[in-house]
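Inside the fold
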Number of protein chains: 2
Amino acid sequence: MSAGSEGRRTTLADVAARAGVDRSVISRVLSGDSRLLIRDETRQRVLDAVRELGYRPNAAARTLRTQRTGTLGLLIPDYANPVYAEIIKGAETVAAERDCVLLTGSADADRGLGSYLDLLGQGRVDGLLLAGEMASKEALDGLTADGLPWLLVNRTMRGEARHVVLDDERAAGLAVRHLVELGHTEIAHLAGPSSSNTAQRRARGYRAALREHGLEVPSSLTARTDYSADGGYRAMFQLLDAQTRPTAVFVANLASAIGALHALRTQGVDAPGAMSVIAVHDLPLVEHISPALTTVRMPLRELGRRGVELLSDLGPNDTVKEVVTGPMDVVVRESTAPPR
Amino acid sequence: MSAGSEGRRTTLADVAARAGVDRSVISRVLSGDSRLLIRDETRQRVLDAVRELGYRPNAAARTLRTQRTGTLGLLIPDYANPVYAEIIKGAETVAAERDCVLLTGSADADRGLGSYLDLLGQGRVDGLLLAGEMASKEALDGLTADGLPWLLVNRTMRGEARHVVLDDERAAGLAVRHLVELGHTEIAHLAGPSSSNTAQRRARGYRAALREHGLEVPSSLTARTDYSADGGYRAMFQLLDAQTRPTAVFVANLASAIGALHALRTQGVDAPGAMSVIAVHDLPLVEHISPALTTVRMPLRELGRRGVELLSDLGPNDTVKEVVTGPMDVVVRESTAPPR
DNA sequence: GACTATAAGGCAATCGTTTGATCTCCACCA
DNA sequence: TGGTGGAGATCAAACGATTGCCTTATAGTC
């Protein structure tokens, strides 16, 4: 609208001049300072000036003064993984509720936490959520030394007591129980990478559940995938070659399960007739593949929510270990059935 | 390491004191000011002090002074859509090359561009990439008035000449040509939502290609999906009910194609035997579904790359309309074949 | 020996907000 | 008349980095 307003953005000084008061008055009115004594008429003049000039506080100046940015960072390893999409959504929702922006970025083996922080510099975020495996212990200590609160999301780390995770062991337990209840006794596990924290917990939960149900835990019934569809495809072949072929498989993630189903088709193994498949996580999409996947739905949004909630109340030296207690359930579709 | 360094972060003043020089010297050394005259010995003292104290410039202070943040923002409608994952990856890569951080956030119908900017305040990013349909014309004008450069990514907008897009019409053309070359003449289109810019361009490309190949363009051969698998599922049923059943369908996106394949299975229509299916975009996953999808692979990363490149050289009043020229090809898999 | 040029840094204003401390009325009370 | 006590603002010092302009030395010149 205001053509010619090129060049300089409106500052407090502009608004103050327009309203005929001091800058500090504007600032206090806008921040809702309750100790401010001001006539209604003046307050109105201030608000009018703010609106007419379209004033918006300068983030850098405010941050410099208050040492707060109103911003949280979230680092994830890979945008293509739908698991993180859900976590981000949950996190953004709470952040917005708290008038705070969530800024997401990705880091991985090459471009790790360190280089990300070098770019970010100091004082660009008030806290950092770290989802996934990109952070080393040293990097985390560096954050603590800088006085920046951080929180691991969906992973734990030895020696660090700052994380929020899902109950992956219980998820594995639910999956196994579902298979056991169908009558399976030869239950295999298509596990995620041993470097992955969630994969470890799911594998542990799988073994614990088998024992709990009085079943043996032969290591030949576990194969590894890198959490990709290709990985699942290859790993399934491995399982099919085992001396005793399982009748069901608990797969650590969705993508691998899709690869696994492909392998079964390729080998002419009917699913679920000759092999039941159940996987961790759920997406609308799996309803539409064949056979529709039975899954364990995880409270990923809740995980993101809790991440932000915990982080924003977290001092640089506090500690927290939380397991999100959101609903978790087996969504039974077509890929699981009683053994033949 | 330095226990007790609690409380205050190191500032230029600390480093200056340690090196025994003025703050300005530190600043100039670090910024590589070529006009600075300094003895090697002094320079070394400065660098040592910087390292020993682990100094990192305060982003807010620097931004306040220079009016630059070293940061670009990217707004997307939905993290769950793998299309955006690819765009983000491309964008982050270039941003990193240019020593600049890309901060991604999501906005949609409810939480639109406006509320996002209210949270961000002024001066938190040097420019904004807007992927998807969340921005209104007024909001864009607001950005321009604020002096913030912005660029639409993967969409155009009437009356605004600031976008970078893919050649969706050509993608549609390639898909249709592939089907025509297989011998199809009854080619349907499973189109995206009419509100979507890409959907419009793909539909236009589809019709143009049909005409180009001398085929008719009956409107009964187009059905609409909302770009979801469910939407594709329902839309495919519509197509199957048409008076003349097509022998091939060009689907506007992957998720819908997966739903469409499901619908075909449900109805006992063999794909590709009785119905060929080709979709826009490619993912490792589609290799593993049955039948493996034939797709048109789009240069999404390149789109993200160009977005950042263009934006960082863009003044608030410049204009740019670019069609990314990256490679685009039909990946032939199992879901397309000659008509019976 | 006075003068100039250059090398090597120092000074201080500035960016825009926030916030504790201060100031100026004016009414009211003794 | 002098003093007190708000009400309703204003003042000014930060926050930390950048950058145009100054100030010292020292070396070199006539």
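Heads up: the structure comes first, above all this text.
Parameters at a glance
- Residues numbered from 1 in each chain as written.
- Chains lettered and ligands numbered in written order.
- Predicted model: local features only at pLDDT ≥ 70, side-chain atom pairs only at ≥ 80, totals over all residues.
- Heavy atoms only, no water.
- Buried < 20%, exposed > 50% of the residue type's maximum accessible area, 1.4 Å probe, protein only.
- Helix = DSSP H or I, 4+ residues; strand = E, 2+ residues; numbered from the N terminus.
- Arc of directions from axis to C-beta.
- Contact = heavy atoms within 4.5 Å.
- Near = heavy atom within 4 Å.
- Polar contact = N/O pair within 3.5 Å; in protein donor to acceptor, adjacent residues only side chain to side chain.
- Nonpolar A, V, L, I, M, F, W, Y, C, P; charged D, E, K, R; others polar.
- Least-squares fit on C-alpha atoms with pLDDT ≥ 70 in both.
- Expected span 1.5 Å × (residues − 1).

Residue and element names in this part refer to chain A. For helix α2 (residues 23–31), every residue scored as buried is listed here: Val25, Ile26 and Val29. All buried residues of α2 lie within an arc of 100° about the axis, which places them on one face of the element. Taken together, the buried residues of α2 touch α1 (12–19) and α3 (40–53). Downstream of α2 by a residue or two, Gly32 has a phi angle that is positive, lying close to 70°.

Around DNA strand C, a shell composed of 28 residues is seen, among which Leu12, Arg28 and Arg65 of chain A together with Asp22 and Thr42 of chain B lie nearest. When the atoms of DNA strand C within 4 Å of the protein are grouped by moiety, sugar and phosphate amount to 59% of the total. Arg35 of chain A is positioned such that a nitrogen or oxygen atom in its side chain is 3.1 Å from a phosphate oxygen of DNA strand C. Between Thr42 of chain B and DNA strand C, the recorded distance is 2.4 Å, taken from a side-chain N or O atom to a phosphate oxygen. Where the surface near DNA strand C is concerned, the elements lending two or more residues are α2 and α4 (59–66) of chain A together with α2 (23–31) and α4 (59–66) of chain B. Per-class residue counts for the surface near DNA strand C are 9 nonpolar, 9 polar and 10 charged.

In the superposition of chain B on chain A (RMSD 0.1 Å, axial shift 0.0 Å), the rotation amounts to 180°. The transformation relating the two chain copies, once decomposed into turn and shift, fits a two-fold axis.

Next up on the list: helix α5 (residues 82–97) of chain A. Look at α5 of chain A: 23 Å from first C-alpha to last across 16 residues, which is about the 22 Å you get at 1.5 Å a residue. Burial analysis of α5 of chain A places 12 of its 16 residues in the buried class, the great majority of the element. Taken together, the buried positions of α5 of chain A are Val83, Tyr84, Ala85, Glu86, Ile87, Ile88, Lys89, Gly90, Ala91, Glu92, Val94 and Ala95 of chain A. In this structure, the buried side of α5 of chain A is in contact with β1 (71–76), β2 (101–106), β3 (127–131), β4 (150–153) and α12 (300–312) of chain A together with β2 (101–106) of chain B. Just beyond α5 of chain A, the residue with positive phi is Asp99 of chain A, at close to 55°.

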